[in-house]
Amino acid sequence: MTLSQQIAQFIASGVVNGTIYALLGLGLVAIHSVTRVVNVAQGEFAAFGALLAVTLMAWGQPLWLALASAVVAAAALGGLIHRVAILPARQASALVLLIITIAIHLALKGTLLLLWGTSPYVLPAFSAGPPVRVFSAFVNRQSLWVIAITLAALIVLFLFFTRTIRGKSLRACAVNPTAARLVGIRVERMGTLAWAIAGALGGLAGVLITPLTFATYDMGLILGLKGFVGAVVVGMASYPWTVLACLAFGIVEALGAGLISSNYRDAIAFGVLIAVLLWRALAALRVGLIISEEAAQE
Amino acid sequence: MRRARAWTALFMAALVVLPFLIQGRLSLSIFVFIGLYSLIVLGLTLLAGHAGQVSLGQAAFYGLGAYISAITTLRGLDPWIALPLSVGGSALVAFLIGAPIFVLRGHYLVLGTLGFNIVADVFIRNLQHLTGGPTGLTGIPPLHIGQSVIAGDRAYYYLTWGLLLAGYWLCRNLIHSRIGRALVAIRSSEVAAASLGINPAYYKGRMLALSAGLAGLAGALYVHYLSFVSPSPFAFTFSIDLLVMSVLGGIYHLPGAVLGTGILTALREVLRTVMPRLLGTGASAEYEIIVFGLLLAVVVILSPSGVWPGVAALLRIGGRDEPAKSAIIAREIFPAGGTTSDPQHETAAQEVVLEVDQLQKRFGGLLAVHNLSFSVRAGEVYAIIGPNGAGKTTAFNLISGVLRPTRGVVRLRGAVVTHLPPYRIAALGVGRTFQTPKVFGDLTVLENVMVGLHRRTGAEFFWAMLGLGRREDVRSQSEAAGYLQLVGILDRANERAATLPFGALRLLEIARALAAGPRLLLLDEPASGLTSSERAALVRLIRRVCEAGVTVMLVEHDVAMVMGVADRILVLNYGEQVAEGTPAEVRADPRVIAAYLGETTAEEAS
Amino acid sequence: MTALLQVEHLAASYGRVQAVRDVTLQVNEDEVVAIIGPNGAGKSSLLNAIAGLLPSRGAMTFAGTPLVGRPAEDTVRLGLSLVPERRQLFASMSVNDNLLLGAYHRFGRALGPAIQQDVDAAYALFPLLRERRGHPAGTLSGGMQQMLAIGRGLMARPRLLLMDEPLLGLAPLVINEILRVLADLRRRAQALLIVEQNAKAALGIADRAYVMEGGRIVLQGTSAALARDPNVQAAYLGGHVEAGPEG
């Protein structure tokens, strides 16, 4: 392969990884914008979804049904966690809430280990066939499914947030919780919905990626972290920017791993993150972002 | 106090005899590890609890210290020199990473340290020629005293716990010093701390370095204990474990570091040995993780301050040390007609202390302040009034550096200060209070004022850790008491600031601001929320402050009060100046009356 | 005329500060009532307490139903809608979405067309908003934001509309616009309770008014009577009564 073909290949694989990170990043943003929590356990939704889908298929369910059920189950798990662990602690500080999600991460991971053990599991590819040529890269069919289904999910999400009143009310909670209450939105219930959406997105990421790489009980944390990177770099606020940032992150990671060294894959990815954070910090110093809790307007 | 000392003595005695007590029954090595981990968690508790900065990268600093010591001693460096090198190296790296990132908010530090941990892990595994890669390095020379080698569980047990206790002592001194108070101030309200001249980023960076140094020390001890090092203990999952240990024990309490570490490590061992016996299978690892998760969740939800406060209550140890009451001397710092603080702060009468020129602040589409120009002369009381939304507090925020103007210049005694950060402006002699009082709730009233003295005292980190700042602290206490007496709340000196009634909070803020020795004091709506007798007392206080040579600027809604205390008044409306003059002039000015009571026709185009 | 809103000896605190000490007032159907007074008097806190954003003690009923202890999400369903101080729009969401969300509690019970009708009515009341229906609310000028906030408040079809400082920070010409809208609402027999610092404007539009100072009601009466009362000026500017140009 020539260099440009290689690069195209890396970019292709980066895009696929990036879409997975984007699904997780979106879940993180949904949770953070509505409930102000940084969810360290986001990746566990992916692990749960993946492993559950494998089991459902082993029990005889057809592939598509298993996938759909797993995503729904992950959504239910998300909502349940919000009701049981987050809502009771909603007056607590951000640090305490972070620790609670760490606890949830540990508890979920342990449960997954208990139920599924340490072995890797596989899902079959969604359709059979040889890899497809896209520009100068060869992309296997599962990767195309990943991109296509994610795209569909993003469209559904977009329509939900912009066309339905429930989606708008969810956004409203994130934008201005006081005003949301004034028009009658029950902010706590919206929190549960946000967590359920995050669970669904995480579960979807898990089932999409498992045909490409194995699913294990501990696959969650690093996945969630990478989604977090994309979300945080753009400020944990905007859905479209999070998707773009996660895609960019995936591509940078793939190019770094491919061109420099695959051993250094994670180092490059997070090294880039640290560089971006430092750059933002220095830029803030120059422009003069003052540490002020309330930029008090009179 | 005495009970705490008794329990401490008991604890230390138990530590000393422990190896003999458990000989033959339990392995001592787990206690060595508890000691090592406690060193790291001590630093983390200090950082996360006291300074309010959560780091998920401590395992990397642990590893950094380990590998620095391993690599240098394998190349012939004396281990006793490698030890401080590990400490310093970890601290330096932490400082370089942390210092810029601290300008941003909490999540970024968590992410940055976590990312650093991952990067460090990858480098350790891949720089084979240096670190031995995934298989690690063996044959690391042990520590030695003279000819005798320090090896084995018992030796490292005593060494580790000895260093841990030393570290604990240093950290405790730090917490009780002026640095410790500054950290609590930063954690409570960075804006208020900055208004007293404290630079938050400076302190946060150094705290990260300190915590990294402690972790590095633990790492160095680890490699000499085991004579072996590999990358696996330093993965970011361990950083998460460390945070769990810290939170479990109690993130705001140093003893919690040891307690939490002990509980979690012991629990892990119990699960590893007991569970297989109970359940027959090799299922311990899963249960361990689940149990940790549930335990953590339960503790955090039910008792967010961790396990230590409960234990302390059980042992009937007081929550915190109280400053020696004898140090509170009711001294008359301000005899009638006398002056306050440094002579250097006396300014010639009629000198222009503050000059504001064409100041403008735009928030997106909203022009909050427009074309503001005025000057304030030394020794006067200058008030800014205006209806709601007129831009008064915005003006204050622009002067004190909390906000940056879109246009215009602010000068302090001739020097341009427009784009300086708030802690620099405070250092140049500007003090302020806030619309809603930002006192440091976890400190006592007296300690709050002592934070005000921060810039005028000097015990720095190392000095403070060695406990050498005590004498200065005693002096600070009596000086702070003087300010408390000036504002009239000396009787509440030892109460926790968060418990104060509202009027007292305002007075505390003023006392604290005065303690910094400002030339110019900005009071932001000091009368709001006060009863009428409290307002009268406030007016008298402002007059006394003025007599002592401090120029006072006031933003207020209570126009009656302002009329009674101000020398000159500036009236704002819609962000622009409407009138300026003496109270009599302003009261009679029809434009002012119109501004307040409202004009429905556009009489005066603003 | 039955009392729509009845408030008796209400007290409310913001943390440590006792913002509302002892307030008794009432608003009847088809009435426009104003609460005026200097800043810091507790007027906004009073409205927040009535709307359910601030916990309170005392007695409050709305059309017979007790209000104390009811959170904001519930009071709006009773027919009490608040247009908050500084508007509190959903700044990043479109003008149209802001209006739709105003009717949130009616979705499910009301039919889509009824709500769309109300949106059209809002645009009829505020034609300038229709031109900007797709724009984010935060990009609007101050006056238009206020109109949008009022429109959003009306979308809940409230029996009583509470307004907190609707004229705050607005230029005089824009104030006239808003006052015109308020007059229009008054003509349509929409009950209003308006908190306003701008005494002249408020008295010009209201039937009755209360003057609040230091958390209590210090004066009350018809707006005509209060407009002539020199004590009103004293309440604002403090101290003695001047025989000044505005009286």
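Please read all numbers here as calculations on a predicted model, not as lab measurements.

1. Thoughts on the overall build of chain A
Then, number 1: Counting its regular elements, chain A contains 11 helices and 2 strands.
Then, number 2: The helix and strand sequence of chain A, counted from the amino end, reads α-α-α-α-β-β-α-α-α-α-α-α-α.
Then, number 3: What you see for chain A is a C-alpha radius of gyration of 20 Å, in line with the 19 Å of a compact globule of 298 residues.
Then, number 4: For chain A, the spread of C-alpha atoms along the principal axes amounts to about 65 × 50 × 35 Å.
Then, number 5: Counting over 298 residues, chain A shows a buried share of 53%.
Then, number 6: Sequence separation of 24 or more characterises 74% of the internal contacts of chain A that already satisfy a separation of 6 or more.

2. Concerning the interface of chain B and chain A
Then, number 1: Each partner contributes residues to the interface: chain B has 55 residues there, and chain A has 47 residues.
Then, number 2: Listing elements by their share of the side of chain B that touches chain A, those giving two or more residues are α4 (79-101), α5 (106-126), α9 (190-195), α11 (236-249), α13 (284-302) and α15 (392-400) of chain B.
Then, number 3: Broken down by class, the residue content of the side of chain B that touches chain A amounts to 37 nonpolar, 14 polar and 4 charged.

3. Observations regarding the environment of C:M144
Residue and element names in this part refer to chain C.
Then, number 1: For M144, the position within the fold is in helix α6 (residues 142-155).
Then, number 2: Take M144: there are 20 C-beta atoms within 10 Å of it, and that puts it in the buried class.
Then, number 3: In this structure, the C-alpha to C-alpha distance between M144 and P55, residues 89 residues apart in sequence, is 31 Å.
Then, number 4: If near-sequence neighbours (up to four positions away) are discounted, M144 is found in contact with L128 and L129.

4. Quick word on unusual backbone geometry
Then, number 1: The phi dihedral of B:E525 falls on the positive side, at around 50°, and the residue is not glycine.
Then, number 2: With respect to the secondary-structure elements, B:E525 resides in the loop between β11 (520-524) and α21 (532-547).
Then, number 3: Residue C:A63 is not a glycine yet carries a positive backbone phi of 50°.
Then, number 4: Checked against the element boundaries, C:A63 lands in the loop between β4 (56-62) and β5 (65-66).
Then, number 5: Classification of C:A63 as partly exposed rests on a count of 16 C-beta atoms within 10 Å.

5. Some thoughts on the packing of helix α1 (residues 3-35) of chain A against helix α9 (residues 220-233) of chain A
Residue and element names in this part refer to chain A.
Then, number 1: Relative orientation of the contacting elements α1 and α9 amounts to 70°, with a least axis distance of 7 Å. Taken together, the axes of α1 and α9 lie roughly perpendicular to each other. Here I20, Y21, A22, L24, G25, L28 and V29 of α1 lie close against α9, whose contacting residues are L223, G224, K226, G227, F228, G230 and A231.
Then, number 2: The residue makeup of the contact of α1 with α9, split by class, is 9 nonpolar, 4 polar and 1 charged.

6. Quick notes on the sheet that holds β11(B)
Residue and element names in this part refer to chain B.
Then, number 1: On the basis of which strands lie adjacent, the open sheet formed by 6 strands has the order β10-β11-β12-β7-β13-β14 and mixed pairing. The open sheet is flanked by β10 (430-432) and β14 (576-581), the only strands paired with a single partner. Within the sheet, the average angular offset between the axes of one strand and its neighbour, ignoring direction, is 20°.
Then, number 2: In this structure, β10 lies alongside β11, joined through 3 bridges in parallel fashion. Bridging from a neighbouring strand, V430 pairs with L520 of β11.
Then, number 3: Seen against the sheet, α15 touches β7 (381-385), β10, β11, β12 (551-555) and β13 (568-573) and runs at an angle of roughly 150° to β11.

7. Some words on the packing of helix α17 (residues 445-452) of chain B against helix α19 (residues 470-487) of chain B
Residues and elements named next belong to chain B.
Then, number 1: At a minimum axis distance of 9 Å, the contact between α17 and α19 shows a crossing angle of 105°. Relative to α19, α17 is oriented roughly perpendicular. Between α17 and α19, the residues in contact are V445, L446, V449 and M450 and S476, Q477, A480, A481, Y483 and L484, respectively.
Then, number 2: Here the residues of the contact of α17 with α19 are counted per class, giving 8 nonpolar, 2 polar and no charged.

8. Focus: the confidence of the model for chain C
Then, number 1: Looking at chain C as a whole, the pLDDT averages 88, with 94% of positions reaching at least 70.
Then, number 2: Overall fold confidence for the complex sits at a pTM of 0.84, while the interface term, ipTM, reaches 0.90.

9. A closer look at helix α6 (residues 165-175) of chain A
Then, number 1: Most of α6(A) sits out of view: 8 of its 11 residues are buried.
Then, number 2: Residues of α6(A) that are buried: A:K168, A:S169, A:L170, A:R171, A:A172, A:C173, A:A174 and A:V175.

10. Notes on the pairing of β13(B)
Residue and element names in this part refer to chain B.
Then, number 1: Counting buried residues along β13, 5 of its 6 residues qualify, which places the element largely inside the surrounding structure.
Then, number 2: The sheet contact formed by β7 and β13 spans 4 bridges and is parallel. Bridge pairing in β13 links I385 to V571.
Then, number 3: Both β13 and β14 contribute to a ladder of 5 bridges, which runs antiparallel. Along β14, the bridge assignment pairs L570 with E580.
Then, number 4: Once β13 ends, the chain turns through 2 residues before running back antiparallel as β14, passing Y574 with a positive phi of about 50°.

11. Quick look at the environment of B:Q577
Residues and elements named next belong to chain B.
Then, number 1: Take Q577: it is sitting in strand β14.
Then, number 2: With 192 residues separating them in the primary sequence, Q577 and I385 have C-alpha atoms 9.9 Å apart.
Then, number 3: Dropping the residues within four chain positions of it, Q577 is found in contact with L372, L570, V571 and L572.

12. Some thoughts on the sheet that holds strand β9 (residues 415-416) of chain B
As a general point, the strands of a sheet are linked pairwise by backbone hydrogen bonds and lie either parallel or antiparallel.
Residue and element names in this part refer to chain B.
Then, number 1: Read from one edge to the other, the open sheet built from 4 strands follows the order β6-β5-β8-β9, with strand pairing classed as antiparallel. Every other strand in the sheet has two partners, leaving β6 (366-377) and β9 as the edge strands with one partner each.
Then, number 2: Pairing between strand β5 (residues 352-363) and β6: 8 bridges, direction antiparallel. Paired with F363 across the bridge in β6 is L366.

13. Regarding the nonpolar core
Then, number 1: Core analysis: the largest hydrophobic core is formed by 387 residues, its most contacted members being B:L484, B:A511, C:L162 and C:A209.
Then, number 2: For B:L484, the contacting residues outside a window of four places in its chain are B:V445, B:L446, B:V449, B:I489, B:L490, B:A493 and B:A511.

Criteria and cut-off values
- Residues numbered from 1 in each chain as written.
- Chains lettered and ligands numbered in written order.
- Predicted model: local features only at pLDDT ≥ 70, side-chain atom pairs only at ≥ 80, totals over all residues.
- Helix = DSSP H or I, 4+ residues; strand = E, 2+ residues; numbered from the N terminus.
- Rg over C-alpha atoms; globule rule 2.2 N^0.38 Å.
- Buried ≥ 20, exposed ≤ 12 C-beta atoms within 10 Å, placed from the backbone.
- Contact = placed C-beta atoms within 7 Å.
- Nonpolar A, V, L, I, M, F, W, Y, C, P; charged D, E, K, R; others polar.
- Axes fitted to C-alpha atoms, helices over the stretch in contact; angles between N-to-C directions.
- Parallel < 35°, antiparallel > 145°, perpendicular 65-115°, else oblique.
- Pairing = 2+ DSSP bridges.
- pLDDT = per-residue confidence, 0-100.
- Core = buried A, V, L, I, M, F, W, Y, C linked by C-beta atoms within 7 Å.

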